Amino acid sequence: MRGDKCIFLNDDKKSIKWYSRNYFFAVTFAIVIINFIVFFTYGSPPGGVIYKQPEWNSFSITNLLIAMSHCYMHLSSQHCALNMLCFFVAGIYLERKTGSLRLLALVIVMTAFTAFATAANYISLRAIGFSGVNYGIYGFIITDYLFMLFEREKRSMFNIISGAIVLALIYFAMCFNGGTSTVSFVPYPYDLTHNIGHASGFVVGLLVGLYEGIILLIEKLSRKKDEKGDPKTGMEQ
């Protein structure tokens, strides 16, 4: 496929398969467009057409579905624009690294887990916006970057520099509170620690990245063992 060899389109350290190929950042652009369409077509809650009032003080499938739909709603144009700017930066980086379909799977997983954490406590049931999913992606990027630093086969100057830039922007996003009416910046991740939707998404993203990193590391060690042959017999395979 054209573009597979382009370092800006696909990470040259990954194996290009149908599930790991970057289809010209299709998922990143699609998610951004969908969020803007939902906001400008249906409006912001509580007056928005597709906004639903959750059931209080009880976990239910209804609350879970409502919370999932709320991930794609925003309170204002500023709220939507800031969330989509953050996702666009993280999505472009991750879609190049992992591929379009894997990014889509991660977005679906993070939407479900963020919605579950939100629906499980009545405090956050009114939470609106894509930032919980963003924080899950942040957590995944952090673990992916750390694993990359310790694996020579995945390291490249381009990956190290681009990853460092994205991590710096993630730190900035965590310290920057765009809010819906005020704007502020603090030197610690206030936006992470004071929002259960953000924190739950971030933790799940870290765990998903950790799980994938460990699985890939085990597969790598297994391949090396197979290449060296069975140590019990000393025979090459």
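Residues numbered from 1 in each chain as written. Predicted model: local features only at pLDDT ≥ 70, side-chain atom pairs only at ≥ 80, totals over all residues. Heavy atoms only, no water.

- As recorded by an unreviewed UniProt entry, the chain carries the name Rhomboid family intramembrane serine protease and is attributed to Candidatus Coproplasma avicola.

## Focus: the overall build of the chain
- When helices and strands are tallied, the chain shows eight helices and two strands.
- The N-to-C order of helical and strand elements in the chain reads α-α-α-α-α-α-β-β-α-α.
- Taking all 237 residues of the chain together, 42% fall into the buried category.
- Long-range contacts, defined here as pairs at least 24 residues apart, represent 70% of the contacts in the chain between residues at least 6 apart.
- When the accessible surface of the chain is split by element, carbon and sulfur atoms take 69% of a total near 13,000 Å². (Helix = DSSP H or I, 4+ residues; strand = E, 2+ residues; numbered from the N terminus. Buried < 20%, exposed > 50% of the residue type's maximum accessible area, 1.4 Å probe, protein only. Contact = heavy atoms within 4.5 Å. Areas by Shrake-Rupley, 256 points an atom, 1.4 Å probe, with all protein chains shown as cover.)

## Digging into the packing of helix H3 (residues 77-98) against helix H5 (residues 131-150)
- Close contact between H3 and H5 brings their axes to 10 Å; oriented N to C, the two are set at 35°. The chirality of how H3 crosses H5 is left-handed. For the pair H3 and H5, contact is made by Asn83, Cys86, Phe87, Ala90, Tyr93, Leu94, Lys97 and Thr98 and by Ser131, Asn134, Ile137, Tyr138, Phe140, Ile141, Asp144, Tyr145 and Met148, respectively.
- Residue composition of the contact of H3 with H5, by class: eleven nonpolar, four polar and two charged. (Axes fitted to C-alpha atoms, helices over the stretch in contact; angles between N-to-C directions. Left-handed = near helix turned anticlockwise from the far one by under 90°. Nonpolar A, V, L, I, M, F, W, Y, C, P; charged D, E, K, R; others polar.)

## Examining the UniProt feature "transmembrane region" (unreviewed entry) in the chain
- Residues annotated in UniProt with the feature "transmembrane region" (unreviewed entry) correspond here to residues 23-42, 72-94, 101-123, 129-150, 157-179 and 199-218.
- The distance from the first to the last C-alpha atom of residues 23-42 is 29 Å, and the span holds 85% helix and 0% strand.
- Secondary structure across residues 72-94 divides into 78% helix and 0% strand, with the first and last C-alpha atoms of the span separated by 20 Å. (UniProt positions renumbered as here; feature names shortened; annotations may be inferred.)

## So, a nonpolar patch on the surface
- Taken together, the side chains of Val203, Leu207, Leu210, Tyr211, Ile214, Ile215 and Ile218 define a hydrophobic patch exposed on the protein surface, amounting to about 650 Å² of accessible area.
- On the secondary structure map, Ile218 appears in helix H8 (residues 196-228). (Patch = residues over 30% accessible without salt bridge, like charges linked within 9 Å, V, L, I, M, F, W, Y side chains within 5 Å. Salt bridge = Lys/Arg side-chain N within 4 Å of Asp/Glu carboxyl O.)

## So, the packing of aromatic side chains
- Within this structure, the stated rule accounts for eleven aromatic pairs.
- Seen in terms of ring centroids, Phe172 and Phe176 are 5.6 Å apart; in terms of plane orientation they differ by 10°. Their pairing is stacked.
- Accessibility expressed as a relative area gives 42% for Phe172, which makes it partly exposed.
- Of the residues examined, Phe176 reaches a relative accessible area of 23% and is grouped as partly exposed.
- Aromatic ring contacts, followed pair by pair, group Phe36, Phe39 and Phe40 into a single cluster. (Phe/Tyr/Trp six-rings, centres within 6.5 Å; stacked < 30°, edge-to-face > 60°.)

## A word on the packing of H3 against helix H6 (residues 157-175)
- One can describe the packing of H3 onto H6 by two numbers: an axis separation of 11 Å at closest approach and a directional angle of 155°. Between H3 and H6, the crossing angle belongs to the class labelled roughly antiparallel. In this structure, H3 meets H6 at a crossing whose hand is left-handed. Along the contact surface, H3 presents Cys86, Val89, Tyr93, Arg96 and Lys97, while H6 presents Phe158, Asn159, Ser162, Gly163, Val166, Leu169 and Ala173.
- Of the residues that constitute the contact of H3 with H6, the class distribution is seven nonpolar, three polar and two charged. (Parallel < 35°, antiparallel > 145°, perpendicular 65-115°, else oblique.)

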